[in-house]
Amino acid sequence: MHSIGVYIHIPFCVQKCVYCDFLSGPATRQRQQEYMQALLREIVWESKYYTQYVIKTIFIGGGTPSILEAEEIAEILNCLRAHYQMDAKAEITLEMNPGTVDRNKLLKLKNSGINRLSIGLQSADNAELQMLGRIHTYEDFLWAYHQAREVGFININIDLMSALPGQHMDSWIRTLNKAVALQPEHISAYSLIIEDGTPLYENRDAWDPVPDEEEDRQMYQQTKQILAEYGYYRYEISNYAKVGYECKHNCIYWQRGVWHTTDFVGFGLGASSTVGNWRWKNTESIKRYLLVFQKHNAKLYDSRLTDNSSVGQSVKEEVVRLLDVEQMEEFMFLGLRMMEGVSKQEFMASFAESMDKRYGAALQKWIQLGMMVQSGDIVKLTEQGIDVSNTILSSFV
Amino acid sequence: MSSIDQSKIRNFCIVAHIDHGKSTLADRIIEKTGLLTSREMQDQILDNMELERERGITIKAQTVRTVYKAQDGNEYIFNLIDTPGHVDFNYEVSRALAACDGAILVVDAAQGIEAQTLANVYLALDHDLDVFPVINKIDLPSARPDWVKNEIEDVIGIEAQDAPLISAKNGIGIEEVLEAIITKIPAPRGSVDNPLQALIFDSVYDSYKGVIVFCRIMEGKVSKGTKIRMMATGATADVVEVGYFGAGQFIPCDELSAGMVGYLTASIKNVKDTAVGDTITDAQNPCEEPLPGYKKVLSMVYCGLYPADGAKYPDLRDALEKLQLNDASLFYEPETSVALGFGFRCGFLGLLHLEIIQERLEREYNLDLVTTAPGVVYKVYKTNGEVVELTNPSNLPDPSEIDYMEEPIVTAEIMVTTEFIGSIMELCQERRGRYLGMDYVEETRALLKYELPLNEIIYDFFDALKSRSRGYASFDYDIKGYEQSELVKLDILINKEEVDALSFIVHKQSAYDRGRRMCEKLKDEIPRHLFEIPIQAAVGGKVIARETVKAMRKDVLAKCYGGDITRKKKLLEKQKEGKKRMRQVGNVEIPQKAFMSVLKLDDSK
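Residues numbered from 1 in each chain as written. Chains lettered and ligands numbered in written order. Predicted model: local features only at pLDDT ≥ 70, side-chain atom pairs only at ≥ 80, totals over all residues. Heavy atoms only, no water.

Looking now at the overall build of chain A. When its secondary structure is counted, chain A shows 16 helices and 15 strands. Taken across its 397 residues, chain A has 58% of its residues classed as buried. Restricting the contact set of chain A to residue pairs at least 6 apart, pairs at least 24 apart contribute 70%. Approximately 15900 Å² of chain A is accessible, and the part contributed by carbon and sulfur atoms is 50%. (Helix = DSSP H or I, 4+ residues; strand = E, 2+ residues; numbered from the N terminus. Buried < 20%, exposed > 50% of the residue type's maximum accessible area, 1.4 Å probe, protein only. Contact = heavy atoms within 4.5 Å. Areas by Shrake-Rupley, 256 points an atom, 1.4 Å probe, with all protein chains shown as cover.)

What follows covers the packing of aromatic side chains. Taken as a whole and assessed by the stated rule, the structure comprises 32 aromatic pairs over all chains. Between tyrosine 84 of chain A and phenylalanine 267 of chain A, the aromatic rings sit 6.1 Å apart at their centres with planes inclined by 55 degrees, giving tilted as the arrangement. Placement of the pair is tyrosine 84 of chain A in the loop between α2 (70-83) and β3 (85-96) and phenylalanine 267 of chain A in strand β9 (residues 264-267), with a sequence separation of 183 residues. Overall, tyrosine 84 of chain A belongs to the buried group, its relative accessible area being 8%. On the basis of relative accessibility, which here comes to 0%, the residue phenylalanine 267 of chain A falls in the buried class. Measuring from ring centre to ring centre gives 4.7 Å for phenylalanine 214 of chain B and phenylalanine 245 of chain B, while their planes differ by 50 degrees; the resulting arrangement is tilted. Of this pair, phenylalanine 214 of chain B sits in strand β7 (residues 210-219) while phenylalanine 245 of chain B is found in strand β11 (residues 241-245), placing the two residues 31 residues apart along the sequence. (Phe/Tyr/Trp six-rings, centres within 6.5 Å; stacked < 30°, edge-to-face > 60°.)

Turning to the interface of chain B and chain A, a few remarks are in order. At the interface, 29 residues of chain B touch 44 residues of chain A. Between chain B and chain A, the buried area comes to about 3400 Å², and carbon and sulfur atoms account for 54% of it. When the area that chain B buries against chain A is broken down by residue, the three leading residues are Leu530, Arg553 and Lys554 of chain B, summing to 21%. Scanning the region where chain B abuts chain A turns up 5 salt bridges. When the shortest N-O distance is used, the salt bridge between glutamate 329 of chain A and lysine 569 of chain B registers 3.5 Å. The interface formed by chain B and chain A contains 1 residue pair in polar contact (both at pLDDT 80 or more). Looking at the side of chain B that touches chain A element by element, the count peaks at 11 residues for helix α13 (residues 565-580) of chain B. Split by residue class, the side of chain B that touches chain A holds 11 nonpolar, 4 polar and 14 charged. (Buried area = accessible area lost by both parts, 1.4 Å probe. Salt bridge = Lys/Arg side-chain N within 4 Å of Asp/Glu carboxyl O. Polar contact = N/O pair within 3.5 Å; in protein donor to acceptor, adjacent residues only side chain to side chain. Nonpolar A, V, L, I, M, F, W, Y, C, P; charged D, E, K, R; others polar.)

Taking 1.5 Å per residue as the helical rise, helix α1 (residues 29-46) of chain A with its 18 residues ought to reach 26 Å, and the 26 Å between its terminal C-alpha atoms agrees with that figure. All of the buried residues along α1 of chain A are Gln32, Tyr35, Met36, Ala38, Leu39, Leu40, Glu42, Ile43, Trp45 and Glu46 of chain A. (Expected span 1.5 Å × (residues − 1).)

All right, on to the state of the cysteines then. Scanning the model with the defined rule gives 0 disulfides over all chains in all. Unpaired in terms of disulfides, cysteine 251 of chain A finds its nearest cysteine sulfur in cysteine 247 of chain A, a separation of 6.6 Å. (Disulfide = S-S within 2.5 Å.)

This part is about the nonpolar core. Among the nonpolar cores identified, the biggest contains 128 residues, and Met332 and Phe396 of chain A together with Leu361 and Ile494 of chain B are the most heavily contacted of them. When residues in this core are grouped by element, the largest group, 6 residues, is from strand β23 (residues 402-417) of chain B. Formed jointly, this core draws a minimum of three residues from each of two domains, domain 1 (2-254) and domain 2 (324-394) of chain A. Dropping the residues within four chain positions of it, isoleucine 494 of chain B is found in contact with Val499, Leu502, Leu522, Ile526, Ile533, Pro534, Val588 and Ile590 of chain B. Counting 75 residues, the second largest nonpolar core, distinct from the first, contains Ile55, Ala144, Ala179 and Val275 of chain A. (Core = buried A, V, L, I, M, F, W, Y, C linked by side-chain atoms within 4.5 Å. Domains from an automatic or database assignment.)

Note: strands within a sheet are paired through backbone hydrogen bonds, in either parallel or antiparallel orientation. One open sheet accounts for 3 strands, arranged β13-β15-β14 (chain A); its pairing is antiparallel. Each of the sheet's edge strands pairs with one partner strand only, and the pair in question is β13 (342-343) and β14 (372-375) of chain A. (Pairing = 2+ DSSP bridges.)

With respect to the helices and strands, histidine 529 of chain B occurs in the loop between α12 (508-525) and β30 (533-539). Polar contacts involving the side chain of histidine 529 of chain B include one to the main-chain amide nitrogen of glutamate 589 of chain B, which spans 2.8 Å.

Another point: the environment of leucine 291 of chain A. All names here are of chain A. Structurally, leucine 291 can be placed in helix α10 (residues 286-294). For leucine 291, a relative accessible area of 46% gives the class partly exposed. Between the C-alpha atoms of leucine 291 and valine 315, which are 24 residues apart in sequence, the distance is 9.6 Å.

The subject of this paragraph is the sheet that holds strand β9 (residues 227-230) of chain B. All names here are of chain B. Taken together, the 8 strands give an open sheet; going across it, the order is β10-β9-β15-β6-β7-β14-β11-β12, and neighbouring strands pair in antiparallel fashion. Bordering the open sheet on either side are β10 (236-238) and β12 (250-253), each of which pairs with just one other strand. On average, adjacent strands in this sheet sit at an angle of 40 degrees to one another, irrespective of strand direction. Here β11 pairs with β12 via 4 bridges, running antiparallel. The residue of β12 that forms the bridge with tyrosine 244 is isoleucine 251. On top of the sheet, helix α3 (residues 90-98) reaches β6 (197-206) and β7; it is set at about 125 degrees to β6, its chief contact. (Axes fitted to C-alpha atoms, helices over the stretch in contact; angles between N-to-C directions.)

This paragraph deals with the environment of glutamine 384 of chain A. Residues and elements named next belong to chain A. Position of glutamine 384 relative to the elements: it lies in helix α15 (residues 383-387). Under the relative-accessibility criterion, glutamine 384 is labelled partly exposed at 44%. Between the C-alpha atom of glutamine 384 and that of glycine 370, which follows or precedes it by 14 residues, the distance is 7.3 Å. Non-local contacts of glutamine 384, meaning those with residues more than four positions away in its chain, are made with Leu369, Gly370 and Met371.

Here we take up empty space enclosed by the protein. All names here are of chain B. As enumerated under the stated definition, the model contains 4 cavities of 30 Å³ or more in all. In this structure, the largest cavity encloses a volume near 70 Å³. Every residue along the wall of the largest cavity is listed here: Ala373, Pro374, Gly375, Val376, Tyr378, Leu390, Thr391, Pro393, Tyr459, Ser503, Phe504 and Ile505. Only β20 (375-376) and β29 (504-507) provide two or more residues apiece to the lining of the largest cavity. Within the lining of the largest cavity, the residues separate by chemical class into 9 nonpolar, 3 polar and no charged. (1 Å grid on protein atoms, 1.4 Å probe; cavity = no way out; pocket = protein on both sides within 12 Å on 5 of 7 lines; lining within 4 Å. Points joined across faces, edges and corners; volume = space filled by probe spheres on them.)

What follows is about the confidence of the model for chain B. Residue and element names in this part refer to chain B. Summarising the model, chain B shows a mean pLDDT of 85, and 90% of its residues fall at 70 or more. In the model, residues 36-45 has pLDDT below 50 throughout and makes 19 contacts with residues more than four positions away in sequence or in other chains. Below pLDDT 50 for its whole length, residues 47-61 participates in 48 contacts with residues either more than four positions away or in separate chains. Both scores are available for the predicted complex, with the pTM at 0.64 and the ipTM at 0.77. (pLDDT = per-residue confidence, 0-100.)

Our focus in this paragraph is the side chain of threonine 283 of chain A. Residue and element names in this part refer to chain A. Within the secondary structure, threonine 283 sits in the loop between β11 (278-282) and α10. Separated by 2.9 Å, the side chain of threonine 283 and the backbone nitrogen of serine 285 make a polar contact. Excluding anything up to four places from it in sequence, threonine 283 contacts Leu269, Gly270, Arg288, Tyr289, Val315 and Glu317.

Another point: the pairing of strand β21 (residues 378-382) of chain B. All names here are of chain B. Most of β21 is tucked away: 4 of the 5 residues are buried. The sheet contact formed by β21 and strand β22 (residues 387-390) spans 4 bridges and is antiparallel. For valine 380, the partnering residue across the bridge sits in β22 and is valine 388. Remark: 4 residues form the turn of the hairpin made by β21 and β22, two consecutive strands paired antiparallel; glycine 385 in that turn has positive phi of roughly 95 degrees. The sheet contact formed by β21 and β23 spans 4 bridges and is antiparallel. Opposite lysine 379, over in β23, you have glutamate 406 as the bridge partner.

Structure below.
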């Protein structure tokens, strides 16, 4: 049996945040229900390809998946249980916006099998939250967090975002301190990237300036220091956890992970999948997605990956077979995001070629510049290297 | 065809300033002489290279023979010899003119005379050509033909009152031009019975026929089987074919005799054997003296050409080889640069020639090129008496071995409206110009004369001239000779390493200023690295200017997009994309465009 992670995309939210360029948006209740039906059909339809797989993680992301009724979330999980083999201890994460839940819903979610919550707080400063277009206050979050604890969630992530327009170090440190005071098991701390096409980008002149590069960098360093004091260790460039609470699902993306698999399948609009050396992405057109699955039209939707002629009839797009060299690239640039680094032996075992032979020049250059360090079989980024990881990782693609 | 009446031949060219309508008039002449139907006409028949058409200039001389039935009832053969219209090709122009007996001067009815008009018409008069003016674009609302007529008489000193008033574009007045060609341009002279004496005024390479030599028969005759000798190069060959020029095609005939213009082929492999200006004679019955005016073509401007992708070096070599087949004035030899790898040092007639070659390499041969700063040929007089002709700044001998250096000087004529005289004089001063004088062509226009070092005008002088005169100044120059000058080599050090491809020779006085601006420009062009990069300009090991590219401190890819690895990879690839266009010098990646952007340093744009 192979291990696999499952990603479920819920492309709905109450209102779009100003920085968000994910595939999501507000939708009517009817549209949400239509989508649910299509999603369940996709999960069922696809199941025949995964008889040799056992699900180790499920991540329900969005958008704001918690916008759905708890019953609907339960339905998704039940559907997966009914048609796939699932590890009894599978990590099942739900992304949650504090403004979309009450105690009763949290209880139902807990009972449905969700065992990990990822709560988007972003900032503990209400003015910053409002600026970002978040629908909740810090107090709303606090209330939801405590309710989640009370109903029995013992694995909670808090998402934070630094380098906001007008933000300074003191504000960021306050946010960090408030978050660690709650002792969540996991903290994701990203710095804001202003993406093309978002309101933040379009009206960038109207916003306060984002922190300059140096302050941004110091925020990152403060993050690590403060979180370390409270028992969180950085296991990935932007992710911190108490020992044993790393997000297993994300580890599948980044490395060969605990189960030595990089396989994950995504269901829902725009979801990406990588299984074996195949990669594809579902359509981003909700119309098409619904058309294919609404009527459970098996004729419209039937494609094995190798059958290119029918790809156009399905929701699967950008279907590619990964070349060895691409897999090597990904091994490097994804693996190096992990603080534990990449293993030369594992590289050799995977590709029958030595890492030094393929990337020796780059590795040597970065080691010389103090951006990477090698110990034994492992190469990894140094603190300095983490600060400029984009530049370094891009040298492996 | 062998018994052509010499008195019924007219060999002529058209001289004009760029855009005054030379090519359009040529088209009309060809059209009206009935050689082609209107349908066959391409818009501009003579300019058959794509590049030429886009730039509106004629690069290689082209020639066409047409037959005109005149009002006197006789048929006349017109050989219209096209001349390149740029100062870079002055020598080619002069040889093409030497093949003519007369010239039509085209002047724009609205613009009047320009610096280039003057230069070309004087060149024609120097060759004893009979020049008659036509005034073009008379249908423009801004046309002032009477004013232009007076200007032609005042400035050039040729009769202009009965100049045909035409619109080549709209076909107005063309008949009048055709008749004027017969009456105002003399028939050729020369005897068929004299030994062969023919002037080479152009050549092209054809992969089947070898070199096709364009020539004007001055004396004697040539036909298939004649054993010919090129008097300057000494090359000999047996003529395979002779003929004349249809529009865009070669039409064989039996014989070319005195007074005729045509081509010959003789299985000649190399255009270098058929140098423009050389005299062809009969090897068995040679003429006594070659025709005057032959000069060996010298490259005036040099630069390094490197393939952007090092693996394309052989492609670049092949492309240069092919271009040289048709362009004997293109010089190249292999060179290597620490920064740019393998490439070629190339010599050109001038900057336009350089740009044309560069564009043809990029367009016709699909090559991506990195060009180093163009330079002129300096003469380095060494203390041991040796004289070095320096074409690559990297080869400058050690300063202790140099006695003195000389640089080429040009005499320049700049036509400018009076309101801009001040700013143009300022520009010339900045470029170390020596003021020679100024003539008022009319109340509002003057002709400024300067001596300028060639190296001051090869980069961006023309641009600067245009921008400082709002496009009104026109410019022409002639090489005057060499003069002693205080020259130094300016080196650029990036991260303490000298970048050979960025070195150049500059006058001592300009060194500080140029160095400072180079550093500033490079600071903008070189992306931040993970470490600080000093950029220094140095003369003789002494740093005269410095800038710093600050280190990049933070560059972190934020969110993991729900497993959308493709998207993340695209972001990294985008970041990397630029790097492919970079050159590695030590630990520093220098964008290719940095090598070229530093050529244009004029601030006042």
